[in-house]
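Structural overview
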Amino acid sequence: MRLNEVTYTDAKPVDGYGPGFFRIGGQVIEGAVMVFPDGARGWGGYDDAAALIARASDVDVVFVGTGADVAHVPADFRGALEDAGLGVEAMASPAACRTYNVLLSEGRRVALALLPV
């Protein structure tokens, strides 16, 4: 099997996660987090769609990590993001982290909104 080293230029990938925290580009953030290629910060959860919408021009799709298990996101949250022109993909937080890292390494315009596992 051939292995390739992944490079992210200046982007901040998800380095790890655990019960109640995420490590993004070496920075540990507890609780819910939103991640863009240029960094991460705490996120207010489904009631904080405005924080993601404010960055809508920077990305094409937001992967929403729903915690340890996949779940539906609230319709009003999804609707607000889609009305702002963002694609919304909901999945379990571990899968969202992996998907984000792969697409980030390809130079795609992606973001994450993660609930802790």
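Residues numbered from 1 in each chain as written. Predicted model: local features only at pLDDT ≥ 70, side-chain atom pairs only at ≥ 80, totals over all residues. Heavy atoms only, no water.

**Focus on the packing of aromatic side chains**
Applied cut-off: Stacked, edge-to-face and tilted are the three classes for Phe, Tyr and Trp ring pairs, Trp counted by its six-membered ring, which pair at centre distances within 6.5 Å; planes under 30 degrees apart are stacked, over 60 edge-to-face, the rest tilted. Each helix is a run of DSSP H or I of at least 4 residues and each strand a run of E of at least 2, with the numbering of both proceeding from the N terminus. For every residue, the accessible area (1.4 Å probe, protein chains only) is compared with the maximum for its type, and the residue is labelled buried under 20%, exposed over 50%, or partly exposed between those bounds.
In the structure shown here, the tally under the stated rule is three aromatic pairs. Taking the centre distance of 5.9 Å and the plane angle of 55° together, the rings of Trp-43 and Phe-77 count as tilted. Of this pair, Trp-43 sits in the loop between strand 5 (39-42) and helix 1 (49-53) while Phe-77 sits in helix 2 (residues 75-83), and the two are 34 residues apart along the sequence. According to the relative accessible area criterion, Trp-43 is buried, its value standing at 7%. Accessibility expressed as a relative area gives 1% for Phe-77, which makes it buried. Both rings, one in Tyr-46 and one in Phe-77, keep their centres 5.2 Å apart while their planes meet at 65°; by these two values the pair is edge-to-face. Residue Tyr-46 is located in the loop between strand 5 and helix 1, and its partner Phe-77 is located in helix 2; the two are separated by 31 residues in the primary sequence. Taking relative accessible area as the criterion, Tyr-46 reaches 24% and is therefore assigned partly exposed. Put simply, the rings of Trp-43, Tyr-46 and Phe-77 pair up and form one aromatic cluster.

Keep in mind that these numbers describe shape and distance, not what the molecule does.
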